[in-house]
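# Secondary and tertiary structure notes
Below are the chains, spelled out letter by letter.
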Amino acid sequence: MQYYIRQVPVVLYDREAVKFDTEKSRYYLDSATLVWGELWSKDEWVKPDTRFGLNELYIPYNPDMRLAAASGKNMVAVPVDEKALKTAESRNLVTGLVRVHDSNMTWGGDAAPAVLMEMPVPSRESFLQQGVGVNQSLAQKYGAWLGAPVTASTGRQYYRAMNAYDHGALYFYSMFLNPGPSQNVNYDIAASISPYYDEDNPSGRGFYRGREWSVQLENKDPGSVPGLIGSITGWCNLKLTGPTEVTGTPGEEKELTFEVTSEVRVDVTTQVGTKREGQDRYQIAVDGLKLPAWGKAPVTLKFKVEDQPYTVRVKVNPNETLLEDDYSDNYVDVTVKPLELPLPSGDAELTLYAHSRGGQDIRGNYVPPEDRPPGTAKYADVIEATLKIPKPTPPRGHLLWWRVESATITYPRRNPDFTFGHPVEPVGTTTVDMKYSSGRLDPDTESVKATAEFEEDWSLAGAPIFDMLTNKMAPPPTEYAITAEYTVEYEYEYTVCDEDGCYTVQAKGSDSRTVGGKLLVNGTGINIL
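In short, a report on the structure. (Residues numbered from 1 in each chain as written. Predicted model: local features only at pLDDT ≥ 70, side-chain atom pairs only at ≥ 80, totals over all residues. Heavy atoms only, no water.)

### Here's the deal with the overall build of the chain
Counting its regular elements, the chain contains 5 helices and 32 strands. Each of the 529 residues in the chain was classed as buried or not, and the buried ones make up 46%. Once local pairs closer than 6 in sequence are excluded, the contacts in the chain between residues at least 24 apart make up 74%. If you sum the accessible surface of the chain, you get close to 26,100 Å²; carbon and sulfur atoms cover 48% of it. (Helix = DSSP H or I, 4+ residues; strand = E, 2+ residues; numbered from the N terminus. Buried < 20%, exposed > 50% of the residue type's maximum accessible area, 1.4 Å probe, protein only. Contact = heavy atoms within 4.5 Å. Areas by Shrake-Rupley, 256 points an atom, 1.4 Å probe, with all protein chains shown as cover.)

### Let's talk about the pattern of salt bridges
Per the counting criterion, the structure on display carries 18 salt bridges. Across the salt bridge formed by Lys315 and Glu320, the nearest N and O atoms sit 2.7 Å from each other. For the residue pair Lys315 and Glu320, the accessibility class agrees, reading buried in each case. In this structure, Arg372 engages Glu370 in a salt bridge whose closest nitrogen and oxygen atoms are separated by 3.5 Å. (Salt bridge = Lys/Arg side-chain N within 4 Å of Asp/Glu carboxyl O.)

### Structural notes on a nonpolar patch on the surface
Taken together, the side chains of Phe466, Met468 and Met473 present a nonpolar region at the surface, about 360 Å² in accessible area. Mapped onto the secondary structure, Met473 falls in strand S30 (residues 472–473). Met473 gets classed as partly exposed once you look at its relative accessible area, which sits at 48%. (Patch = residues over 30% accessible without salt bridge, like charges linked within 9 Å, V, L, I, M, F, W, Y side chains within 5 Å.)

### Observations concerning the packing of aromatic side chains
One pass over the structure, following the stated rule, counts 10 aromatic pairs. Where Tyr492 meets Tyr494, the ring centres are 5.9 Å apart and the plane angle is 25°; that geometry is what we call stacked. An identical accessibility class is assigned to Tyr492 and Tyr494; each is buried. An aromatic cluster of three or more residues is present, and its members are Tyr411, Phe454, Trp458 and Tyr480. (Phe/Tyr/Trp six-rings, centres within 6.5 Å; stacked < 30°, edge-to-face > 60°.)

### Looking at the nonpolar core
Across soluble globular proteins, nonpolar side chains show a tendency to be buried alongside one another. One finds Leu350, Leu387, Ile389, Trp402, Ile409 and Met434 to be the most contacted residues of the largest nonpolar core, which totals 34 residues. For this core, the leading source of residues is strand S31 (residues 478–498), giving 8 residues. Excluding residues within four positions of it along the chain, Ile389 makes contact with Trp402, Val404, Ala407, Glu446, Ser447, Val448, Ala450, Tyr486 and Val488. Counting 27 residues, the second-largest nonpolar core is a separate cluster that includes Leu240, Val264, Leu322 and Val334. (Core = buried A, V, L, I, M, F, W, Y, C linked by side-chain atoms within 4.5 Å.)

### Side note on the environment of Gly359
Here Gly359 is to be found in strand S22 (residues 359–360). Distance from Gly359 to Pro369, taken between C-alpha atoms, is 7.6 Å for residues 10 residues apart in sequence.

### Description of the sheet that holds strand S18 (residues 296–304)
Overall, antiparallel pairing links the 3 strands, which are arranged S13-S15-S18 in an open sheet. Since the sheet does not close on itself, it has two edges, and those belong to strand S13 (238–241) and S18, each with one partner. For this sheet, the mean inter-axis angle between neighbouring strands, taken without regard to orientation, is 30°. Pairing of S13 with strand S15 (residues 253–262), which is carried by 4 bridges, proceeds in the antiparallel orientation. Residue pairing across strands places Thr241 opposite Glu259, the latter belonging to S15. (Pairing = 2+ DSSP bridges. Axes fitted to C-alpha atoms, helices over the stretch in contact; angles between N-to-C directions.)

### Points about unusual backbone geometry
Phi is positive for Trp294, which is not a glycine, with a value near 55°. Its location among the elements puts Trp294 in the loop between strand S17 (283–291) and S18.

### Considerations on the environment of Pro395
Relative to the assigned elements, Pro395 resides in the loop between strand S25 (382–390) and strand S26 (398–412). Residue classification places Pro395 among the partly exposed residues on the basis of a relative accessible area of 27%. Separated by 98 residues in the primary sequence, Pro395 and Glu493 have C-alpha atoms spaced 10.0 Å apart.

### Considerations on the sheet that holds strand S16 (residues 268–276)
Strand order in the open sheet formed by 5 strands is S14-S20-S19-S16-S17, with mixed pairing between adjacent strands. Two strands lie at the open edges of the sheet, namely strand S14 (245–248) and S17, each paired on one side alone. Geometrically, the sheet is characterised by an average inter-axis angle of 20° between neighbouring strands, direction not taken into account. As defined by bridge partners, strand S19 (residues 310–316) adjoins strand S20 (residues 331–338) across 6 bridges and the pair is classed as antiparallel.

### Looking at the side chain of Asp326
Relative to the helices and strands, Asp326 is located in the loop between S19 and S20. Within the local environment of Asp326, its side chain forms a polar contact with the side chain of Thr87, the two groups lying 3.4 Å apart. Only 2.8 Å separates the side chain of Asp326 from the side chain of Ser328, close enough to count as a polar contact. In contact with Asp326, not counting residues within four places along its chain, are Lys83, Thr87 and Asn237. (Polar contact = N/O pair within 3.5 Å; in protein donor to acceptor, adjacent residues only side chain to side chain.)

### As for the side chain of Arg313
Tracing the backbone shows Arg313 in strand S19. A distance of 2.8 Å separates the side chain of Arg313 from the side chain of Glu89, its partner in a polar contact. Discounting residues that sit within four places of it in the chain, Arg313 has contacts with Glu89, Gly273, Thr274, Lys275, Tyr282, Tyr331, Val332 and Asp333.

### As for the pairing of S19
Among the 7 residues that make up S19, 6 are buried, leaving the element largely enclosed by the rest of the structure. Both S16 and S19 contribute to a ladder of 5 bridges, which runs antiparallel. Paired with Thr274 across the two strands is Val314, which belongs to S19.

Here you go:
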């Protein structure tokens, strides 16, 4: 079996080397090791027509290898998992985000998203002279990530590297495994999956899509190195669980306890923040939260109940300064709402009275308006609606004042095809404002009346009318729904006592109600005109 072997740059670093610069608001690597690995491809894997194939990355054990000294710092693109991008809230993660590919190539869609990080690197010339693989010191330093070496038939030892992406940027060879309880799973994946590869020219060192160095990077000094390996996947995974709702009386503070879980092999220190709906930034509620490796910690926060419900997002690692592969389990949305207000004192009541318009009959005689029985009307009648609005009852304490903020009434809307000889049923509704006293009322005022006047112009139900278009009589007497809605505002006060004594608190509240009614239409009122 013939294998193609090409040497590619590989960056090794402990994930604790990933740092966040709060002043510059960006990530960087404070230490890393640049080595040469070997990309092995079988002859039959190469597909020149599509320029896609399969490969496996190995890092040889080479006791004679000597590291080239770093000569400065430069930016490298470290691949980031797509899921982390989708679940991240903070712009920190996407600052410097690039989709790394060669713009001169038409198949650049295989590029992987990455975060630009600064790290120490040797010059290009020095690195080209560096021996392949890792020596004993490096093998021990990165042994937790590299795992146990495998021995080839030639007797040479190699470390198997895993590609963290099904189809990532093809010059990133990701092998960033996570020491800890999930390590065996990573090894299983590495043993069964090979990454894709897209270059049918299998020779060379400093390989980059068939060139010795990238056109975009070749003039950098010190040279930026393509083929850098790394992955944010698995560096840190924090979770937050806890209640999603709390209720209480307005002005009351309620305590909720959340649990933070760390799935990290080392101890970490982070924060817990809160962000109320409508706010852009998190307020730090707990700073310096210490989490043991693979451990948990409780966090207790206070929430103040207000007159209206609101939502607060509670999040661990709120500004995402610790790189995680998934931020969707970092937060809990908590709804803070007042206890449901009791029903107002007394009941709201809607009454409907109708009367004919009055006028001259067919003989010229005046006919006065005729009152209909309560809750009934005939076509063309004038309907007077009266809504009794009772004073509200505050959730605690006693009422200081109240007023009616709004009151409306809704009734059927006349069908646009309606005529006296074609009395089709109404379509939709019409809503109009009611009249009421809008000033502040003292707490002794038991109720307010709101009134409205409108015409029954939508139905001839119960009238002896024959519809020649449908060959049917008008419908029999029919009840139609009439509804009124109102909102009251009020102010109240109550006494609160604590260890420092008792004091009076004043608060405002509002209450909205809907009152239903029915109107029986049973004929027409225009035959007297």
